[in-house]
Amino acid sequence: MDRASLLAAAAANLAGWHDLQLRSLGHATERDDGWWWTPDDVPGLYLRAIALAPGADPGHIAARLHPASWTGLSDPWGTADPTPYGFLIDGDRPWMHRPAGPLQPGTLPPGVSLERVTDAEGLVALELAAARGFGVTIPRSEEHTSELQSLAYLVCRLLLEK
């Protein structure tokens, strides 16, 4: 797969993950003119806009995002200059990928281990740990007190069970 195809797949995957997570939390999302985005203020764990194609116009998205305490956007191709619209470039973080398959021995730093998530409970634990690490409070259902009953995780559970 060439670099452009990898970037397009990564951008679509990133936007899809954000779309699922934010809609499950009750946020609106949209796709237009080469962008996936949300008009809502969202926790800092989430981006508010993701370019889905090279050359997506940051002016288009900047006009639609109301000022928030924090707004993150991603342009996987690095072709958009958001600075004229009040955005600061925090850094140039390249997309990283590796071929599918098992990790080679000795590739993980000391003290780091990988666990395969194979069920809904494992997915909930993973997402809850990630959310806590970013300081995000997960909304709870009034009817249930279990960690499995937040709106975000009910959607994940339903998708896993299908």
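Residues numbered from 1 in each chain as written. Predicted model: local features only at pLDDT ≥ 70, side-chain atom pairs only at ≥ 80, totals over all residues. Heavy atoms only, no water.

Trainee: Explain helix α3 (residues 120–133) here, please?
Mentor: Along an α-helix, residues three or four positions apart point the same way, because every turn accommodates 3.6 residues. For α3, spanning 14 residues, the distance from its first C-alpha to its last is 20 Å, which sits close to the expected 20 Å at 1.5 Å a residue. Taken as a whole, α3 has its buried residues at Ala-120, Leu-123, Val-124, Glu-127, Leu-128 and Ala-131. Mapping the buried residues of α3 onto a view down its axis gives an arc of 125 degrees, with all of them on the same face. Pointing more than 90 degrees away from the buried face of α3 are the exposed residues Ala-129, Arg-132 and Gly-133. (Helix = DSSP H or I, 4+ residues; strand = E, 2+ residues; numbered from the N terminus. Expected span 1.5 Å × (residues − 1). Buried < 20%, exposed > 50% of the residue type's maximum accessible area, 1.4 Å probe, protein only. Arc of directions from axis to C-beta.)

Trainee: What's the story with the confidence of the model for the protein chain in this structure? I'm lost.
Mentor: Close inspection of predicted coordinates is inappropriate for parts of the model with low pLDDT. Summary statistics for the protein chain give a mean pLDDT of 77 and a share of 75% for residues scoring 70 or more. Looking at the elements of the protein chain, mean pLDDT is at its lowest for helix α4 (residues 151–161), recorded as 45, and at its highest for strand β2 (residues 35–37), recorded as 95. Every residue in residues 141–162 scores below 50 in pLDDT, and together they form 37 contacts with partners more than four places removed in sequence or on other chains. (pLDDT = per-residue confidence, 0-100. Contact = heavy atoms within 4.5 Å.)

Trainee: Would you mind showing me how to read the sheet that holds strand β1 (residues 30–32) here?
Mentor: By definition, the strands of a sheet pair up through backbone hydrogen bonds, in either a parallel or an antiparallel sense. With mixed pairing, the four strands of this open sheet are ordered in space as β1-β2-β3-β4. Taken across any chain shown, the strands that pair with only one partner, and hence form the sheet edges, are β1 and β4 (73–74). Inspection of the sheet shows strand β3 (residues 49–51) paired to β4 by two bridges, in the parallel sense. Residue pairing for β4: Ile-50 is matched across the bridge by Ser-74. Docked against the sheet, helix α1 (residues 3–24) engages β1, β2, β3 and β4, running at close to 160 degrees with respect to β3. (Pairing = 2+ DSSP bridges. Axes fitted to C-alpha atoms, helices over the stretch in contact; angles between N-to-C directions.)

Trainee: Explain the pattern of salt bridges to me, please; I cannot follow it from the model alone.
Mentor: Applying the stated criterion to the full structure yields two salt bridges. Ionic pairing is found between Asp-19 and Arg-23, a salt bridge with its closest N-O pair at 2.6 Å. With Asp-19 and Arg-23 both in helix α1 and four residues apart, the pair spans about one turn of that helix. (Salt bridge = Lys/Arg side-chain N within 4 Å of Asp/Glu carboxyl O.)

Trainee: I tried to follow α1 on my own but got confused; where do I start?
Mentor: Under the 1.5 Å per step criterion, the end-to-end length of α1 is 31 Å for 22 residues, consistent within 8% with the ideal 32 Å. Buried residues of α1: Leu-7, Ala-11, Ala-15, His-18, Asp-19, Gln-21, Leu-22 and Ser-24, and no others. Looking at the residues trailing α1, positive phi occurs at Gly-26, about 90 degrees.

Trainee: Mind showing me how you'd approach the nonpolar core here?
Mentor: General note: in soluble globular proteins, nonpolar side chains tend to be found buried as a group. The biggest cluster of nonpolar side chains holds twelve residues, and these are Leu-7, Ala-11, Trp-35, Trp-37, Ala-49, Ala-51, Ala-56, Ile-61, Ala-62, Leu-65, Trp-77 and Phe-87. Listing elements by their share of this core, those giving two or more residues are α1, β2, β3 and α2 (58–62). Setting aside anything within four residues of it in sequence, one finds Ala-62 in contact with Tyr-85 and Phe-87. (Core = buried A, V, L, I, M, F, W, Y, C linked by side-chain atoms within 4.5 Å.)

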